[in-house]
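# Survey of secondary and tertiary structure
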Amino acid sequence: MVWPMEKVKGWKQDADCLAAMWLRGVRGKSHKERLEFFYGPQAHAYDRFRASFLHGRMPMLASCAARLRGSTGLTWVDMGGGTAENIDMMSQFIDLESFDKIYVVDICSALCEVARQKVISQGWHNVEVVEGDACTFTPATPATLITFSYSLTMIPNFMSAIDNAVSNLAEDGIMGVADFFTSAKYDLPNRQHSYIQRWFWRSVFDVDGIDLGPERRLYLEHKLEPVYEYNARGKIPYVPVLQAPYYQWIGRRRDYTKQNLARFPARASDEFEAKRPPAFPPTFLYSLSWEDPREDDKVLDINGDDTVLTLTSGGCNALDLVDQGAHQVVAVDINPAQSYLLELKRVAIVRLPFQDVWQMFGEGVHPKFPLLFQREIAPFLSQGASKFWSRKRRYFKNGLYYHGGMGRLIRAVRALAKITRQQHWIESLVNAPTLEHQKELWFATVGKWLLQANIVTRLSAFLVTNPVVLWFCAGVCKGQLNLIRKEDNIYNYVVRCLNSTAEYSHLRDSNYFYRCCLTGKFSKHCCPRFLEEEVFNRLKVDLASEERLLIRTTAFVEELRKRMYTKVILMDHVDWLEQDDIDILCAALKDQVKPGGRVIWRSASRRPKYAKCIEKAGFNVVRITSSETYMDRVNMYASFYVGIRHGGRSLDPTKKVSEVNLEALDSLLQATTAI
């Protein structure tokens, strides 16, 4: 039988590699002799064994290809290229015809011989195998791409190799490195290893003449500016439990100052992989922002001088602020999954055509997401976001909006509709041609049922409004629940929210919040603004060309303390805080909001006590609207406030906030504090 014999042959090749690694060791007086001794017996089996061992190689090549795709006349030098397997891998991500010349440079003759045979068999006319030293090799023309794929740790004189590579790198060229590593004693959080880890892995690899010390990467970053980094651990063939640390890294010349949005788009996220707070689920709570940006616009009056701080939430409103022209928007959330969601939206806008972005975030489903993720998205994500979405790729198989905390609620709504055979009713409701038709549908069925408040209704309400369900499905924390209960009961609060929304907000043409809740997707004429093609096209340029959007995962006050702001969007954040934390927040707002700057927030209470604290911090505070009337398309809060920092201009007297808020505006313009 062919299949078992092929398996046996493969195991034999793996055994040859393991014997060379564990039993032969490394011998020889020169670097070349040591490599010949080590690789000679395993050169024929090198590719098979390393395919399941060198985990960083393919994603590093994919990241380089993503930055080069679309260019022509390129030159690539693969330093320590071995058997030329990297060339074969690269062909999966970019047309090799894009390269005028590809050099595979290696000092080991046994590996070079395998590479030459591969070049002939593949018919690569632009590939040249060079048996030479990475410390001295010079290509005929400056290289657009230079790679060290698991070779830098085996070069004793690594500084000379890096210096030589940098001197041969084109002005707009990039250098890609993938290798094993150990951290320095004090290193960046994403790289840090304990003493035992550093000692163990350096000792294990030292047997084969591989130096895993941190010096190589430190020298790389001394010579080049990092543009991408990813640190992880990978399995070792035939070795259970243990996983070896490896990294991927891409850098560019430090003296390169020109703008190249394809290779070097602006970065939004730091590379630190934040830890999830214990109280949060291992995913995001909100897949879209649950504050109505249309109402925020009227109060904030965003302009090109604004530096804005906002809670991240689903990220839609942060993108909105960029499109409105804010100089810089800082989106902060303590839940890393919310940051990763916004980062995915940002990178998708920058890297993908509109139709792909619509499928991902409009329909919530994209059958080719795994391929897009590998080729176009992951190479530009932070380490934390890349790891998160590589585990959550299934979200785009059956619908993004069916996942996360809010996704549980949407799944429950869809399941209930299926059980009660009301799918058609939902479709009729969200596609009602007029608001009057929508009201008739709602109040003839669900709205009427809610108002009756019989035992069945109350029991059903308890099942969906208990603290556990409210937290994990709707993101309503204990503090907010207590605020609601002080002024009303949770049942009446929910009925008011739903009935008022159905009466005043059209689901077909305007209210994308509840449309998504009912259907698990948006429509082209009812969606967040970043999914409108005209806005998308503006964001594609704005997000790539400048650091217009910063995404941070930390405590809100910590980010508030880092810079001065003209606009701060608290959302419902203060509802979550204890009094001591409120005092700290107010002190920070006093110090960090510029005179005339504006702070807006929403609350589950009609008159939250902490509004007085913000007033005492130096703000004129006005309640813009409350749940005593219809508030906005979300309509689930009890009040909406603005605070204007003393020392600046008030709201524009010609600016209309809403028909029901004229009295509050007059008070604001007279610099009173109508709380």
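Residues numbered from 1 in each chain as written. Predicted model: local features only at pLDDT ≥ 70, side-chain atom pairs only at ≥ 80, totals over all residues. Heavy atoms only, no water.

Labelled according to an unreviewed UniProt entry, the protein appears under the name Betaine lipid synthase, originating from Sphagnum troendelagicum.

### Structural notes on the pattern of salt bridges
Following the criterion strictly, the structure yields 34 salt bridges and no others. We note a salt bridge from Arg 252 to Glu 225, for which the minimum N-O separation is 3.4 Å. Remark: Glu 225 occurs in strand β6 (residues 224–236) and Arg 252 occurs in strand β7 (residues 239–253); sequence separation between them is 27 residues. Residue class for Arg 252 comes out buried when judged on its relative accessible area of 15%. Overall, Glu 225 belongs to the partly exposed group, its relative accessible area being 26%. Between Arg 548 and Asp 542 there is a salt bridge whose closest N-O contact spans 3.7 Å. A relative accessible area of 21% means that Asp 542 is categorised as partly exposed. (Salt bridge = Lys/Arg side-chain N within 4 Å of Asp/Glu carboxyl O. Helix = DSSP H or I, 4+ residues; strand = E, 2+ residues; numbered from the N terminus. Buried < 20%, exposed > 50% of the residue type's maximum accessible area, 1.4 Å probe, protein only.)

### Description of the environment of Tyr 395
Within the element layout of this structure, Tyr 395 appears in helix α16 (residues 395–398). Residue class for Tyr 395 comes out buried when judged on its relative accessible area of 3%. The sequence separation of Tyr 395 and Gly 364 amounts to 31 residues, and the corresponding C-alpha distance is 8.2 Å. Among all residues touching Tyr 395, those that are not within four sequence positions of it are Thr 283, Phe 284, Gly 364, Trp 389, Leu 400 and His 403. One polar contact links Tyr 395 to Thr 283, side chain to side chain, over a distance of 3.0 Å. (Contact = heavy atoms within 4.5 Å. Polar contact = N/O pair within 3.5 Å; in protein donor to acceptor, adjacent residues only side chain to side chain.)

### Focus on unusual backbone geometry
Phi is positive for Ala 84, which is not a glycine, with a value near 65°. Within the secondary structure, Ala 84 sits in the loop between β1 (74–79) and α5 (85–90).

### Remarks on the packing of aromatic side chains
One pass over the structure, following the stated rule, counts 30 aromatic pairs. Taken together, a centroid distance of 5.3 Å and an interplanar angle of 65° make the contact between Phe 354 and Phe 536 edge-to-face. Of this pair, Phe 354 sits in helix α13 (residues 354–363) while Phe 536 sits in helix α26 (residues 533–545), placing them 182 residues apart in sequence. The pair Phe 354 / Phe 536 is uniform in exposure class, with both members buried. These aromatic residues form a ring-pair network of at least three members: Phe 284, Tyr 340, Phe 361, Phe 369, Phe 373, Phe 388, Trp 389, Tyr 395, Phe 396 and Phe 530. (Phe/Tyr/Trp six-rings, centres within 6.5 Å; stacked < 30°, edge-to-face > 60°.)

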